[in-house]
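So the chains spell out like this:
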Amino acid sequence: MDEGFHLTALDVRRYDFGRSLRGYDPERVEHFRTQVAEELERLARLTQDLEGKARNFHEQLRAFRERDKALNEALVSAQQLRAEIRDQAEREGQLLVREAQVEAERAMEGARAELSRMEDAIVALDRTRRTFIAQMRVMVERQLAELLAAESAPSPVNRPNYDGSGAA
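The structure reproduced in this document is the subject of the present report. Everything quoted here is computed from the prediction, not taken from an experiment.

## Quick word on the environment of glutamate 114
Next up, step 1: Locating glutamate 114 in the fold gives a position in helix 3 (residues 86-152).
Next up, step 2: Using a relative accessible area of 21% as the deciding quantity, one classes glutamate 114 as partly exposed.
Next up, step 3: In this structure the side chain of glutamate 114 is engaged in a polar contact, spanning 2.5 Å, whose partner is the side chain of arginine 117.

## Some details on the pattern of salt bridges
Next up, step 1: Within the structure shown, the criterion is met by nine salt bridges.
Next up, step 2: Across the salt bridge formed by arginine 62 and glutamate 59, the nearest N and O atoms sit 2.2 Å from each other. Residue arginine 62 and its partner glutamate 59 are both found in helix 2 (residues 26-84); the two are separated by three residues, about one turn of the helix.
Next up, step 3: Overall, arginine 62 belongs to the partly exposed group, its relative accessible area being 37%.
Next up, step 4: Here glutamate 66 ties to arginine 62 by a salt bridge, and the two come within 1.9 Å at their closest N and O atoms. On the criterion of helical spacing, the pair formed by glutamate 66 and arginine 62 is a turn pair, its members being four residues apart in helix 2.
Next up, step 5: For glutamate 66, a relative accessible area of 45% gives the class partly exposed.
Next up, step 6: Connected through salt bridges with shared partners, the residues Glu59, Arg62 and Glu66 form a single ionic network.

Reading the values: rules and limits
Residues numbered from 1 in each chain as written. Predicted model: local features only at pLDDT ≥ 70, side-chain atom pairs only at ≥ 80, totals over all residues. Heavy atoms only, no water. Helix = DSSP H or I, 4+ residues; strand = E, 2+ residues; numbered from the N terminus. Buried < 20%, exposed > 50% of the residue type's maximum accessible area, 1.4 Å probe, protein only. Polar contact = N/O pair within 3.5 Å; in protein donor to acceptor, adjacent residues only side chain to side chain. Salt bridge = Lys/Arg side-chain N within 4 Å of Asp/Glu carboxyl O.

Laid out in structure tokens, this is it:
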């Protein structure tokens, strides 16, 4: 699909198919346009919600990185304290470092997993959107082919009279 082409619900609602004698039922076309516009609006809201969630997860990741930085700074302080109170500070500092690293790693893994899930969801949504657009394209092309066939069909007004009288 052309990446420069973006169809909005408003575009669908405002599009004019034109009128013809043997065209489609205007009420059905209008109903279908309304359904398509509502679906586009729903997908836009869903995409917006997911983008908001992704932003929140990125913000959480930033906060976890700040915590990690703070924990590393605490590690430096613990090392300075160890120099002053060697035996006891060394045991306590190592314990704090291990716990902090385990907690930070758990938090980072959780954030990475959630970010990965969100990215997968976004990819799936994009795939669904592309499938929907492809299906819409096929349907519109099929309807266009039917319109072209209907336009090229002989008119019943121009048919010869076959009642045997010879009059047309």
